[in-house]
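Given next are the chains, with one letter for each unit.
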Amino acid sequence: MTRFWKPGTENPRLLDDEEGGVIFYNTSSSSSSGYGHMNMDKQRQRLPVYKYRTAILYLVEKHATTIIVGETGSGKTTQIPQYLKEAGWAEGGRVIACTQPRRLAVQTVASRVAEEMSVKLGEEVGYTIRFEDLTNNDLTRIKFHTDGVLLREMMDDPLLSKYSVIMVDEAHERSLSTDILLGLLKKIQRRRPELRLIIASATIEAKSMASFFNARKRQGQDDEQIEPNKEPAIISVEGRGFNVQIYYVEEPVPDYLRAVVSTVLSIDDLEPMGDVLVFLTGQDDIDAAIQMLTEDSQSNRKKGLIVLPLYSGLPRADQDLVFSPTPRGRRKVVISTNIAETSLTLEGVVYVVDCGFTKQRIYNPMTDIENLVVTSISKASARQRAGRAGRTRPGKCYRLYTEEYFINEMSAYGIPEMQRSNLVPCVIQLKALGVDNILGFDWPSSPSPEALIRALEVLYSLGVLDDDAKLTSPAGFQDPMISKMILASNDFGCSEEAITIAAVLSIQSIWFSSKGVQKEMDEAKLRFAVSEGDHVTFLNVYKGFIESGKSSNWCHKNFLNYQAMRKVHEIRLQLRRIVQRLGITLKSCEGDMKVVRKAVTAGFFANACRLEAFSHNGLYKTIRSSQEVYIHPSSVLFRVNPKWIVFHSIVSTDRQYMRNVISIDPSWLTEAAPHFYQHKQLNPIPH
């Protein structure tokens, strides 16, 4: 039973849920307030950022860099690009850029801005995300991107010369792409003094960011003739300011999933109407919580709850459902990853349930393993999550951790992704952009030297870097391991198969995940499964999809995610075009799966593992670092346990699980990377 209390209250009156669910302590009930119907101009003027419009435009005019600290809900993301356009920054063919860390935020914000400006999305206002470009070179004046897409634009235009202002939004998330982008924009500013930068965020450490961009301080002079001012300006934009009451649990909860479900049900029983936003760690947790809530709703007479998931891999149509108005007399419960922490606005949310955890990629350069780990959020994230409840009226936030834990255990800010990531993609990107001195690059937060050295070693082994640490060929792909697999497939005569595998590996999962039908799902997988492993299984799945005429009905029958399969097809067409530009001959191996496995090995040799001798529980060890790993239950090789395998990625739960696994011959490792592996590392397993 989860017990909450509100800090600062004395002798609270107990409210007991008759069903024996969650017990809350009573406070004054929330009063509802909303703006009702008003025209678009009036809505824009009601946003807190509006009264700072003149000040923001003045600072952008006078300073090379402006740092805007604005709470979620202040309107900074949708309004500032419009203010800039209204002030003339998009005249003469120039473009205003705005970056976001996530694709869904890019799509949502661009749609909203186009709607506010009464223009068609893709014309004056457009967006570009990976594998999707909705812009028009002649018409688009406000362009939204993910950070990574703007980085890729630098390949063709290193100085980003068409942009007059670049706004890096949600900079506090400190994603890998954001930090690389900030470092490169600082370099570009030296060559393009007329370029204006806006760094916008909800909870950024503004002073450290200002110090990073302070060119005047580094020059050691104060030349008033130079325009604009090289010293960054900082402006704080207050949010809408509805009060959010915070509740903590009295005792740590043993099972945050069950605590989330019981908290939502108690809110539904005890609180006035208003939508609920729940923060969980990932798709598996979200699916489990939805099933528990749905089952309880059916058995416990609760017909008023509309329970919806929200995560990045969700089909667009399902994502759009969370933004639709809640029908009168119903309560919407959106169960989300931290994707809803920033950028996205869910207007009807009055109650937030925060589990206190998030999933993060953590890379250990010593073991060369990158894990997806469930970890505690920071205080900054906790405040962001709570703030989602106070958008349109006073709200409440239920934290499933104690106040003592929040005060004493939680870090103030999260660790930047740069300091906890495998830096292989980062190094290849900087090399491709002509940044040769990687160790001397000016980072907002310096990565560990071990991670940089490991990245250089892997890229050298892949043949991507030569003896002078220079790129051996233009980088056509984001992931160097997938790139190497495709390049090797040219020699093995299986490039058609390699680009299909690459397209599937670009998607989170092609399988439709649903609780309660595991047996049927496993049977569906067996229809495509082959003993060689997941990569060859993917070829069978894609072949079936094409032969079905790309049928959604066929996908449904085979427990495949139709939207994911459509995306695989689109990505494959794009990879086909890239491959042809690189001069690779498109050829099929006509069913010779040995050459396909050799091509996969050529790309992923660094992820090789051997089954431990006399292992009865499927224990493998990585060849390079002897890390203990297991085949993920979703793999077709789960319980098959071939002696030698390579994997695509690792996910960490109670164990280190390898995803997307293929069986190999150990001799292929020394063929693919003789300087990476010596024969002595590849001794046969004793029988």
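Keep in mind it's a predicted model, so treat the numbers as computed, not measured. (Residues numbered from 1 in each chain as written. Predicted model: local features only at pLDDT ≥ 70, side-chain atom pairs only at ≥ 80, totals over all residues. Heavy atoms only, no water.)

Draft legend 1. Quick look at the overall build of the protein chain. Each helix and strand counted, the protein chain has 23 helices and 24 strands in total. Every one of the 687 residues in the protein chain was classed for burial, and the buried ones make up 55%. When contacts within the protein chain are restricted to residue pairs at least 6 apart in sequence, long-range pairs at least 24 apart make up 72% of them. Carbon together with sulfur atoms contributes 48% to the accessible area of the protein chain, which is approximately 30200 Å² in total. (Helix = DSSP H or I, 4+ residues; strand = E, 2+ residues; numbered from the N terminus. Buried < 20%, exposed > 50% of the residue type's maximum accessible area, 1.4 Å probe, protein only. Contact = heavy atoms within 4.5 Å. Areas by Shrake-Rupley, 256 points an atom, 1.4 Å probe, with all protein chains shown as cover.)

Draft legend 2. Region of interest: helix α16 (residues 480-492). Compared with the 18 Å implied by 1.5 Å per residue over 13 residues, the 18 Å span of α16 between its first and last C-alpha is a close match. Here α16 has its buried residues at P480, M481, I482, S483, M485, I486, A488 and S489. At its buried positions, α16 is contacted by α14 (424-432), α15 (449-461), α17 (495-505), α21 (562-581), α22 (593-604) and β23 (644-652). Downstream of α16 by one or two residues, G493 has phi in the positive range, about 70°. (Expected span 1.5 Å × (residues − 1).)

Draft legend 3. Local environment of the sheet that holds β23. Around the barrel, five strands lie side by side as β20-β21-β22-β24-β23; this closed barrel has mixed pairing. The average undirected angle you get between the axes of adjacent strands in this sheet is 50°. Pairing of strand β20 (residues 608-611) with β23, which is carried by three bridges, proceeds in the antiparallel orientation. Looking at the pairing, C609 lines up with I645 of β23. In the packing of α22 onto the sheet, contacts are made with β20, β23 and β24 (656-663), and the angle to β23 comes to roughly 50°. (Pairing = 2+ DSSP bridges. Axes fitted to C-alpha atoms, helices over the stretch in contact; angles between N-to-C directions.)

Draft legend 4. Representation of the environment of D179 within the structure. Inspection of the secondary structure assignment puts D179 in helix α6 (residues 176-191). Taking the relative accessible area as the measure of exposure, D179 reaches 0% and is therefore buried. Between the alpha carbons of D179 and M418 there is a distance of 7.1 Å; along the sequence they are 239 residues apart. Excluding residues within four positions of it along the chain, D179 makes contact with R174, P416, M418, P444 and S445.

Draft legend 5. Region of the structure containing the sheet that holds strand β9 (residues 163-168). Strands sit in the order β7-β6-β8-β5-β9-β10-β4-β11 across an open sheet of eight strands; the sheet is mixed. Each of the sheet's edge strands pairs with one partner strand only, and the pair in question is β7 (132-134) and β11 (233-237). Neighbour-to-neighbour, the strand axes of the sheet open up by a mean angle of 20°, direction not taken into account. Bridge count for strand β5 (residues 95-100) against strand β8 (residues 142-146) is five bridges, and the pairing is parallel. Following the sheet pairing, A97 is matched in β8 by K143.

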